[in-house]
Amino acid sequence: MSDSPVINSMRIVPVAGYDSMLLNIGGAHNCFFTRIIVILTDSAGHTGVGETPCHASTLQLLEQFRPLIEGSSLLRLNATLSQLFNSEARQQQTAHTDEIHIPQMNPEKFYNAAAAIEAALLDLQGKLFNLPVADLLTSGKQRDRIPVLGYLFYIADRRLTNMHYRSGEQAPDGWFRLRHEAAMDSAGVQRLAEAAVEQYGFRDFKLKGGVMAGELEVETVEALLRRFPHARVTVDPNACWSLDEAIRFGKQLAGKVPYLEDPCGAEQGYSGRETLAEFRRATGVPVATNMIANDWRQLHHALQLNAIDIPLADPHFWTMRNANVVAQLCNEWGLTTGCHSNNHFDISLAMVAHLGAAAPGERLTAFDTHWIWQDGQQLTHQPPQIRDGYLELPPGPGLGIELNMERVEQAHALYNTLPDKNRNDALGMQFLIDNWRYDAKRPSLVR
Ligand SMILES: O=C([O-])[C@@H](O)[C@@H](O)[C@H](O)[C@@H](O)C(=O)[O-]
Ligand SMILES: [Mg+2]
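Residues numbered from 1 in each chain as written. Chains lettered and ligands numbered in written order. Predicted model: local features only at pLDDT ≥ 70, side-chain atom pairs only at ≥ 80, totals over all residues. Heavy atoms only, no water.

Regarding the packing of aromatic side chains
Stage number 1. In this structure the tally under the stated criterion is 14 aromatic pairs.
Stage number 2. An angle of 35° between the planes, with centres 4.9 Å apart, marks the rings of Phe33 and Phe345 as tilted. Linking Phe33 in strand β4 (residues 32-42) with Phe345 in the loop between α13 (320-333) and α14 (346-357), this pair joins segments that are 312 residues apart in sequence.
Stage number 3. Residues Trp296 and Trp318 carry aromatic rings whose centres are separated by 4.7 Å and whose planes lie at 75° to one another, so their mutual orientation is edge-to-face. With a gap of 22 residues between them, Trp296 in helix α11 (residues 296-304) and Trp318 in helix α12 (residues 315-318) connect regions that are remote in the sequence.
Stage number 4. The exposure class of Trp296 is partly exposed, given its relative accessible area of 32%.
Stage number 5. On the accessibility criterion, Trp318 (2% relative accessible area) is buried.
Stage number 6. The rings of Tyr151, Phe153, Trp175, Tyr200, Phe202 and Trp373 are connected pair by pair, giving a single aromatic cluster.
Stage number 7. One residue, Arg145, lies across the ring of Tyr390, its end atom 3.6 Å from the ring centre.
Stage number 8. Above the ring of Tyr415, the side-chain terminus of Lys421 is found at 5.2 Å from the ring centroid. (Phe/Tyr/Trp six-rings, centres within 6.5 Å; stacked < 30°, edge-to-face > 60°. Helix = DSSP H or I, 4+ residues; strand = E, 2+ residues; numbered from the N terminus. Buried < 20%, exposed > 50% of the residue type's maximum accessible area, 1.4 Å probe, protein only. Lys NZ or Arg CZ within 6 Å of the ring centre and 35° of its normal.)

In structure tokens:
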């Protein structure tokens, strides 16, 4: 191993960017979102980067892992990551939940931390070997671009708050202006979709549900389908519909949507995996999830119960290499590969591009990305591009991106000014509904 570059330094940089007042079951997105960037430098003179959701406990874990990373040999990446996976922090990790917008949920963020480190190490290895990260994943690069979907939200009126949402008024007409304006009904969401198609060429859409009564969200899906008859449109109510409601809406949408995402969840003593299995049997509608199959043990139970068709294995929940294994299992076992997302910068966009580029087989559903809400705030010189509904694999070795350090420092400075650094979507809701509180079983505006 004497010829292997050694990791000289690991920098952990919490960063913040701007977001719109996007609604979901957990409330309303804050005007700021936060992420962590991990920057590794090695003795060969290369820089490797990874990105992950930001939480105080993830920052602590990354600090804790620093001694295992600094001084490690780049070519012994497997051994280094095994140390992380064998650490006590991993043993303490409860099953990964997606309930990051609910402040009382504060599980150890082992996977988020490991994912950022692994991505940065892979980026360095790619630069060393002059290969894209997609080629370092077990299945190797399969394609140069991946289908991605237009992630649509109902948007609350930022003017009702005293929070620092951006206005977009300086932007020319179209997506970059509209994404800041209220969109509280089907017509509003349709206008967003039209602008997103104009800008990015999407053929697939996902509506973030769990906001309005289910009937209204189904109506929005149907309105989108009428407007874009050849598009694939789905809705994700984040498991807030009851099983009965999910079956009713599922039957209404059967044959019209490619899948429904987490249409129902745990209720009346039955687990989400059990209710989703019943939903599938009753409706025949394929099920995608990012809520009940987020680690090997959960995935195993979900598949035993025939509860899901599309595990949305997010590289930030699984790490890129594990998510690639999930994609291989999907290919071998007749499932469909997809990917979940949260608000993110362009380092995550590159991670997702490489993951999708390495997914084997043809059963790939359009990957999620929230990038369209952040486009323009990039932390790299040339972010990966979404054109014609496809996310293009950036050229060049590693992740194919280069940090713009001036932007990174600005985003870090912004993070340092924030009073609330962990995600908390309940804050903005107080401007819409007095004493609003999260309820996993009720859409956020149904109170
Ligand atoms: O960004 C949001 O509001 C989503 O609700 C996000 O937090 C979810 O994790 C995600 O998009 C999903 O459930 O698919
Ligand atoms: Mg989801």
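Overview of the nonpolar core
Stage number 1. In this structure, Leu40, Leu84, Phe110, Ile117, Phe279 and Trp373 are the most contacted members of the largest nonpolar core, which totals 146 residues.
Stage number 2. At 11 residues, the largest contribution of residues to this core is made by helix α4 (residues 110-129).
Stage number 3. Structurally, this core is a two-domain feature, drawing no fewer than three residues from each of domain 1 (7-130 + 405-417) and domain 2 (145-392). (Core = buried A, V, L, I, M, F, W, Y, C linked by side-chain atoms within 4.5 Å. Domains from an automatic or database assignment.)

Some details on the environment of Leu305
Stage number 1. In this structure, Leu305 sits in the loop between α11 and β12 (310-311).
Stage number 2. Here Leu305 falls in the partly exposed class, since its relative accessible area comes to 34%.
Stage number 3. Sequence separation of Leu305 and Thr275 is 30 residues, and the distance between their C-alpha atoms is 9.8 Å.
Stage number 4. The contacts of Leu305, once residues within four sequence positions are left out, are Arg273, Glu274 and Ala277. (Contact = heavy atoms within 4.5 Å.)

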